[in-house]
Amino acid sequence: MRSGRARLDAAVVQGFYDRMRVVAPAAYGAIERDRADDPGQAFADTACGRLVGSLDAPGLRALGMWAHHWCMRFYDDDTRVGLRLVRELAGRAGLGWTVDEVRWLLDQSHAAAPSAAHRFTLPLAAAADLPPGALPEGVAADVPVDDWRRLRAG
């Protein structure tokens, strides 16, 4: 983790990757179908929207983590569909994000290039779902100030 924060346990991180691998084939397929389709469709009518509608909260968190990770690694003009998926998931409250998941998302965001303009969208939304004081002090200290203010404001 950045800035000397405590590292997540390797088994916890491996569990994240195991969960993401379960949703990855369907997510990648949905993103590819949506790239070829009408970008103006309502989200619920897209392949990604149908995938989201088929998953429970843990599945949605895994999908969000996968999409976030995918967009951070492959950020370019072709991630429009992935970014839409991330924004849609960020807009869903009550997904039951864990502190470890939020810390992992924040770390992934910090590791991404600044050109990934939306790199804090999902982690900040997930952090807002946590109870006050759930994140250790300073975990999000180096998140851009405007992004963190937006999180605190709700």
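Quick caveat: nothing in here was measured; it's all calculated off a predicted structure. (Residues numbered from 1 in each chain as written. Predicted model: local features only at pLDDT ≥ 70, side-chain atom pairs only at ≥ 80, totals over all residues. Heavy atoms only, no water.)

Student: Describe the overall build of the protein chain, with residues and values.
Tutor: Looking only at helices and strands, one finds 7 helices and 0 strands in the protein chain. When each of the 154 residues of the protein chain is scored for burial, the buried share is 46%. If you take every contact in the protein chain between residues at least 6 apart in sequence, the share linking residues at least 24 apart comes to 72%. Working note: accessible area of the protein chain is about 8000 Å², and carbon and sulfur atoms make up 52% of it. (Helix = DSSP H or I, 4+ residues; strand = E, 2+ residues; numbered from the N terminus. Buried < 20%, exposed > 50% of the residue type's maximum accessible area, 1.4 Å probe, protein only. Contact = heavy atoms within 4.5 Å. Areas by Shrake-Rupley, 256 points an atom, 1.4 Å probe, with all protein chains shown as cover.)

Student: Break down the nonpolar core for me, citing the residues and quoting the values.
Tutor: Grouped together as the largest cluster of nonpolar side chains are 44 residues, with contacts concentrated most on Leu63, Trp66, Leu85, Trp97, Val102 and Trp104. In terms of residue count, helix H3 (residues 57-73) provides more of this core than any other element does, 9 residues in total. If sequence neighbours within four positions are ignored, Leu63 has contacts with Val23, Ala27, Leu51, Val52, Leu55, Leu85 and Leu89. (Core = buried A, V, L, I, M, F, W, Y, C linked by side-chain atoms within 4.5 Å.)

Student: An account of helix H2 (residues 47-54) is needed here, citing residue identities and associated values.
Tutor: Residues of H2 that are buried include every one of Ala47, Cys48, Gly49, Leu51 and Val52, and no others. Looking at the buried side of H2, the elements it contacts are helix H1 (10-35), H3 and helix H4 (80-90).

Student: Tell me about the environment of Arg50, and name the residues and values.
Tutor: Relative to the assigned elements, Arg50 resides in helix H2. Beyond its immediate sequence surroundings of up to four residues, Arg50 is in contact with Ala44 and Asp45.

Student: Could you give me a rundown of the packing of aromatic side chains, with the residues and numbers involved?
Tutor: Going through the model one piece at a time under the given rule, you end up with 3 aromatic pairs. Ring centres of Phe16 and Trp104 lie 6.1 Å apart, and the angle between their planes is 65°; this geometry places the pair in the edge-to-face category. With Phe16 in helix H1 and Trp104 in helix H5 (residues 99-111), the pair connects residues that are 88 residues apart, well separated along the chain. Each member of the pair, Phe16 together with Trp104, is buried. Their ring planes at 15° and their centres at 5.8 Å tell us that Trp66 and Trp70 sit as a pair that is stacked. Of this pair, Trp66 and Trp70 are both found in helix H3, 4 residues apart, which corresponds to roughly one turn of the helix. Across the pair, exposure class does not vary: Trp66 and Trp70 are buried alike. Members of the aromatic cluster, joined through ring pairs, are Phe16, Tyr17 and Trp104. (Phe/Tyr/Trp six-rings, centres within 6.5 Å; stacked < 30°, edge-to-face > 60°.)

Student: Help me get a handle on the packing of H1 against H5, residues and values and all.
Tutor: Relative orientation of the contacting elements H1 and H5 amounts to 85°, with a least axis distance of 11 Å. Compared by their axis directions, H1 and H5 come out roughly perpendicular. For the pair H1 and H5, contact is made by Val12, Val13, Phe16, Tyr17, Arg19 and Met20 and by Asp100, Glu101, Trp104 and Gln108, respectively. For the contact of H1 with H5, the class distribution of residues is 6 nonpolar, 1 polar and 3 charged. (Axes fitted to C-alpha atoms, helices over the stretch in contact; angles between N-to-C directions. Parallel < 35°, antiparallel > 145°, perpendicular 65-115°, else oblique. Nonpolar A, V, L, I, M, F, W, Y, C, P; charged D, E, K, R; others polar.)

Student: I'd like to hear about the confidence of the model for the protein chain, residue by residue, with values.
Tutor: When pLDDT is averaged along the protein chain, the result is 83, and 81% of the positions lie at 70 or above. Helix H7 (residues 145-153) is the least confidently modelled element of the protein chain, averaging 45 in pLDDT, while H2 averages 97, the highest of any element. Long-range and interchain partners of residues 148-154, a stretch whose pLDDT sits below 50, account for 7 contacts in this model, where long-range means more than four residues apart. (pLDDT = per-residue confidence, 0-100.)

Student: Could you give me a rundown of the pattern of salt bridges, with the residues and numbers involved?
Tutor: Any two side chains of opposite charge can pair if their charged atoms end up close together. What the rule picks out here adds up to 5 salt bridges. Residue Glu32 pairs with Arg35 through a salt bridge whose shortest N-O separation is 3.0 Å. With Glu32 and Arg35 both in helix H1 and 3 residues apart, the pair spans about one turn of that helix. For Glu32, a relative accessible area of 29% translates into the label partly exposed. One salt bridge in this structure joins Arg103 and Asp100, with 3.5 Å as the shortest N-O distance. Taken as a pair, Arg103 and Asp100 lie in helix H5 at a separation of 3 residues, close to a single helical turn. Overlapping salt bridges, with partners in common, bring together Arg19, Arg61 and Glu101 in one network. (Salt bridge = Lys/Arg side-chain N within 4 Å of Asp/Glu carboxyl O.)

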